[in-house]
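# Analysis of the macromolecular model
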Amino acid sequence: MDIISRAEWGARPPRSRSTVPWSSRTGVMGHYSGASATQTPRQIQDFHMDVRDWSDVGYNFLINSINGAIYEGRGWTVIGAHCANHNTPNVGICIIGLDKVGRQDVSDAARRSFRWLYEEANRRAGRRLAILGHRDRGATACPGDEIYSWLKAGLPIVGSTPAAPKPPTGRPAPGTPITFPLPAGWYFGPASGPDYSVSGLHERYFKGRTDRAWIQEWATQLGRRGWSIGKGRTWLRQHGNDGIYGPEYRSLIEAFQKDQGLAHDGLLGVNTWNAAYRNPVR
Ligand SMILES: [Zn+2]
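All of the points below concern the structure found in this document. This structure is a prediction, so every number in the text was calculated from the model and none was measured. (Residues numbered from 1 in each chain as written. Predicted model: local features only at pLDDT ≥ 70, side-chain atom pairs only at ≥ 80, totals over all residues. Heavy atoms only, no water.)

### Quick notes on the coordination of the zinc ion
Six octahedrally arranged donors around a metal ideally form angles of 90 or 180 degrees; four tetrahedrally arranged donors ideally form angles of 109.5 degrees. To keep things clear, this is the line we draw: Excluding water, the donors of a metal are its N, O and S neighbours within 2.8 Å, or within 3.2 Å for Na, K and Ca, and that exclusion means sites may look incomplete. Accessible area is worked out with a 1.4 Å probe on protein chains only. A residue is then buried under 20% of its type maximum, exposed over 50%, and partly exposed in between.
For the zinc ion, the protein coordination sphere consists of His31 (ND1), His134 (ND1) and Cys142 (SG), at 2.0 to 2.3 Å. Read from N- to C-terminus, the donor residues coordinating the zinc ion fall into the pattern H-x102-H-x7-C. As far as burial versus exposure is concerned, His134 and Cys142 are alike and both buried.

Spelled out as structure tokens, the structure:
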């Protein structure tokens, strides 16, 4: 499933941000915006920044209640502003729209998107997170009776089922599978990121090898899969496979994620790592 990035929806930059490790995340909290379902994430961000005077849109993610589109808010590991005193442990997801008494106004597409985000959060945390509604931790009607009872029921998906993902076809992945070398929830990403964003710049050791060697290892696997990699090639054209995360690796990782139907954030986490070793080559 795709997440519409901040750049894609025209987000303003945050005034400040602080991050939280996945080890401190314990839950995913559902909200509704309590306004028109046609409100845009930018309108919500403007309200939060200009009227509430917050540093950014309050939620970690937002979902269009009609078509199920997912918008990146503060993202996975930035502390939100969606439930006072409970922002550090909880990823806040807002379903954009107003709960109307007596009729369903949250589409199956929106429910599937919420559930997908919840499962993705579990994958990143490396364990099952609690499912909360805002009213569980604050004096509010949010997220409305309809969404709240659905959260408490464990996010069942009713109605038409989405098309089953195509069974993988093609030749088996080349090479020998290598286990993701970083701790759960960590990823290879920019040096400017949190401690669990491992860049290759500082040569940190994981499972007996440097981060730089691991990044090179993974990119080499993409080469085995037929990706044109290295100095003067299609990917890593300028710096080659030097194992230091930068814009070139980000583009390569994102392209591979899109090719594999993964969430494409340009960060090399466990799912993206495994896809290179396990998924068939089409
Ligand atoms: Zn709320």
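### Some points on the pattern of salt bridges
As a reminder of what qualifies: For this analysis, a salt bridge means a side-chain nitrogen from Lys or Arg found within 4 Å of a carboxyl oxygen belonging to Asp or Glu. Helix and strand assignments follow DSSP, with helices taken as H or I runs no shorter than four residues and strands as E runs no shorter than two, numbered in order from the N terminus.
Taken as a whole and assessed by the stated rule, the structure comprises 17 salt bridges. Between Arg12 and Asp46 there is a salt bridge whose closest N-O contact spans 2.7 Å. Here Arg12, found in the loop between helix H1 (6-9) and strand S2 (27-32), pairs with Asp46, found in helix H2 (residues 41-51); they are 34 residues apart in sequence, far enough to count as distant. Judged by relative accessible area, Asp46 falls into the partly exposed class, the value being 23%. Notably, a salt bridge pairs Glu120 with Arg123, separated by 2.9 Å at the nearest N-O pair. Of this pair, Glu120 and Arg123 both sit in helix H3 (residues 108-125), 3 residues apart, roughly one helical turn. By relative accessible area, Arg123 is classed as partly exposed at 39%. Sharing partners across several salt bridges, the network here consists of Arg12, Arg42, Asp46 and Asp50.

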